[in-house]
Amino acid sequence: MTDTASRKIELVCPAGGLPSLKAAVDNGADCVYFGFKDATNARNFIGLNFDLAQIQEGVAYARQHGCRIFLALNTYPLDSNQADWITAIDRAAELGVDAIIMADPGLMAYAARTYPELRLHLSVQGSATSYEAINFYHERFGIQRAVLPRVLSLAQIVQLVANTPVEIEVFGFGGLCVMVEGRCALSAYATGKSPNCNGACSPDAFVRWEQTPHGMETRLNGILINRYADGERASYPTLCKGRFIVKDETYYAIEEPASLNTLEMLPELAQAGISAIKIEGRQRNPAYVAQVTKVWRAALDAFARDGERFTAQETWMAELNKVSEGQSYTLGAYYRPWK
């Protein structure tokens, strides 16, 4: 393998709460990312995220085990509430997090000016799909890593990595978004609340579950998203993954419920020169975090040992399928046979 391909790839895992953080650390995460209990992060749901005491305990636990901590501060403030985001940056610096994951250029400017020693990562919510965009953030704000939206093919990632000094992080497993992250307007259209500013796609205040004679129905602000038969596995109602009637046929008209799983592509992603694999799922439970982290840790260790002889074990794929949406997986945009 080339030097680039053999370089250690970091495993970046989600933490929606302290139990998930500890599960990620205990099962081999190199880095854990989390958010505050407010709209400054893109998983702003009731019951998720960290208060100050939990953050302090989580940071200490991660430090004890040699794991790095990233803060997701990846939504966009308005003029009326920008102070909350500034306070979040100040608090993150005081806590000594290893990096802040950011999307808003104004906030990046503040962080770079006020805390020049603080490492900044460009969030997937920044929607940077070209090396020119990433290099702009690097030159203006000192961004050291960029998380790519899940709409690029492997060939596009190869070209991007070759033309930027910025570390590149890609999603390796978890839920998919049919839109370019940071540009989705579906939830805002239905609820009037923008995920990019309020931190939640399909905010829970607008979600309704109702058992009817026709089955379990899920609605978003009164819009029927899905109807499930008895015993059918129900998912959280988002417009992009709803079943709709199109020309008298009911089906997943926008996106099938399936999880991204790139485990079998690990050698190709390494050859492309990526620096980190990100696991999606801050809204998932600690058991999910533990299971996915454990499998990916084993796979990355095996790849570091076996190199080009690496193969994704069937047992790994089976374990990941158990926690996949619809119990199925896809390579998403990474593999486009028509290109």
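Scroll up a little and you will see the structure.
What comes next concerns the included structure.

### Details of the overall build of the protein
Inference 1: Of regular secondary structure, the protein possesses twelve helices and 15 strands.
Inference 2: Taking 2.2 N^0.38 as the reference for a compact globule, 339 residues should give roughly 20 Å; the C-alpha atoms of the protein span a radius of gyration of 20 Å, in line with that estimate.
Inference 3: For the protein, the spread of C-alpha atoms along the three principal axes comes to 60 × 55 × 40 Å.
Inference 4: Within the span of the protein, comprising 339 residues, buried residues form 53% of the whole.
Inference 5: Of the contacts formed within the protein by residues at least 6 apart in sequence, a portion of 65% connects residues at least 24 apart.

### Observations concerning the sheet that holds strand β10 (residues 223–228)
Inference 1: Taken together, three strands build an open sheet; the order of strands is β8-β9-β10 and the sheet is antiparallel. Looking at which strands have only one partner, the edges of the open sheet turn out to be β8 (207–212) and β10. Ignoring strand direction, the axes of neighbouring strands in this sheet form an average angle of 25°.
Inference 2: With five bridges connecting them, strand β9 (residues 215–220) and β10 associate as antiparallel partners. In the strand pairing of β10, Glu-217 is matched with Arg-227.

### Considerations on the packing of aromatic side chains
Inference 1: Within this structure, the stated rule accounts for ten aromatic pairs.
Inference 2: Pairing Tyr-110 with Tyr-115 gives two aromatic rings, centres 6.5 Å apart and planes at 80°, and the pair type is edge-to-face.
Inference 3: The class of Tyr-115 is buried, set by a relative accessible area of 17%.
Inference 4: Centroid distance Phe-173 to Tyr-288: 6.3 Å. Interplanar angle 35°. Geometry classified as tilted. Separated by 115 residues along the polypeptide, Phe-173 in strand β7 (residues 167–175) and Tyr-288 in helix α11 (residues 286–306) bring together distant segments of the chain.
Inference 5: An aromatic cluster is present here, built from Phe-34, Phe-36 and Phe-50 joined pairwise through their rings.
Inference 6: For Arg-91, the ring lying beneath its charged end belongs to Phe-36, and the centroid distance is 5.1 Å.
Inference 7: In this structure, Arg-150 packs its charged tip against the face of Phe-171, placed 4.0 Å from the ring centre.

### With respect to the side chain of Arg-145
Inference 1: Here Arg-145 shows up in strand β6 (residues 145–147).
Inference 2: Among the polar contacts listed, one links the side chain of Arg-145 to the side chain of Glu-10, at a separation of 2.8 Å.

### A short note on the environment of Ala-333
Inference 1: In this fold, Ala-333 is placed in the segment after β15 (329–330).
Inference 2: Separated by 24 residues in the primary sequence, Ala-333 and Arg-309 have C-alpha atoms spaced 25 Å apart.

### Some words on the pairing of β7
Sheet faces and side chains relate simply in a regular strand, where the side chains alternate between the two faces.
Inference 1: Of all nine residues in β7, eight are buried, a share of seventy percent or more.
Inference 2: Sheet analysis places β6 next to β7, joined by three bridges and oriented parallel. Paired with Ala-146 across the strands is Ile-168, a residue of β7.
Inference 3: This β-α-β element, β6 to helix α7 (residues 154–162) to β7, shows right-handed connectivity.
Inference 4: Relative to strand β14 (residues 276–279), β7 runs parallel, the two sharing four bridges. Directly across from Glu-169, in β14, lies its bridge partner Ala-276.
Inference 5: Sheet analysis places β7 next to strand β13 (residues 259–261), joined by three bridges and oriented antiparallel. When the sheet's bridge partners are listed, Gly-174 is paired in β13 with Leu-260.

### A look at the environment of Phe-171
Inference 1: The residue Phe-171 is located in strand β7 in this model.
Inference 2: The buried category is assigned to Phe-171, whose relative accessible area is 5%.
Inference 3: In sequence terms Phe-171 and Thr-262 are 91 residues apart; their C-alpha atoms lie 8.4 Å from each other.

### Let's talk about helix α5 (residues 105–114)
Inference 1: The set of residues buried in α5 consists of Leu-107, Met-108, Tyr-110 and Ala-111. In a view along the axis of α5, the buried residues occupy a sector of 160°, so they form one face of it.
Inference 2: On its buried face, α5 sits against β3 (68–73), α4 (82–95), β4 (99–102), β5 (120–122) and α6 (131–141).
Inference 3: A distance of 2.9 Å separates the backbone nitrogen of Gly-106 from a side-chain oxygen at the start of α5, and that oxygen is part of Asp-104.

### A word on the packing of helix α2 (residues 18–26) against helix α3 (residues 52–64)
Inference 1: Contact pair α2 / α3: the axes reach a minimum separation of 10 Å and the direction vectors enclose 5°. The orientation of α2 with respect to α3, classified from their angle, is roughly parallel. Here Leu-18, Leu-21, Lys-22, Val-25 and Asp-26 of α2 come into contact with α3, specifically with Gln-54, Glu-57, Gly-58, Tyr-61 and Ala-62.

### Quick notes on the pattern of salt bridges
Inference 1: For the structure on display, the rule yields 17 salt bridges.
Inference 2: The closest approach of N and O atoms between Arg-145 and Glu-169, which form a salt bridge, is 2.9 Å. You can see Arg-145 sitting in strand β6 and its partner Glu-169 sitting in strand β7, a full 24 residues away along the chain.
Inference 3: The exposure class of Glu-169 is buried, given its relative accessible area of 1%.
Inference 4: One salt-bridge network, held together by shared partners, links Glu-10, Arg-68, Arg-119, Arg-145, Glu-167, Glu-169 and Lys-278.

Reading guide: rules and limits
- Residues numbered from 1 in each chain as written.
- Predicted model: local features only at pLDDT ≥ 70, side-chain atom pairs only at ≥ 80, totals over all residues.
- Heavy atoms only, no water.
- Helix = DSSP H or I, 4+ residues; strand = E, 2+ residues; numbered from the N terminus.
- Rg over C-alpha atoms; globule rule 2.2 N^0.38 Å.
- Buried < 20%, exposed > 50% of the residue type's maximum accessible area, 1.4 Å probe, protein only.
- Contact = heavy atoms within 4.5 Å.
- Pairing = 2+ DSSP bridges.
- Axes fitted to C-alpha atoms, helices over the stretch in contact; angles between N-to-C directions.
- Phe/Tyr/Trp six-rings, centres within 6.5 Å; stacked < 30°, edge-to-face > 60°.
- Lys NZ or Arg CZ within 6 Å of the ring centre and 35° of its normal.
- Polar contact = N/O pair within 3.5 Å; in protein donor to acceptor, adjacent residues only side chain to side chain.
- Right-handed = clockwise from strand over helix to strand, strands pointing away.
- Arc of directions from axis to C-beta.
- Parallel < 35°, antiparallel > 145°, perpendicular 65-115°, else oblique.
- Salt bridge = Lys/Arg side-chain N within 4 Å of Asp/Glu carboxyl O.

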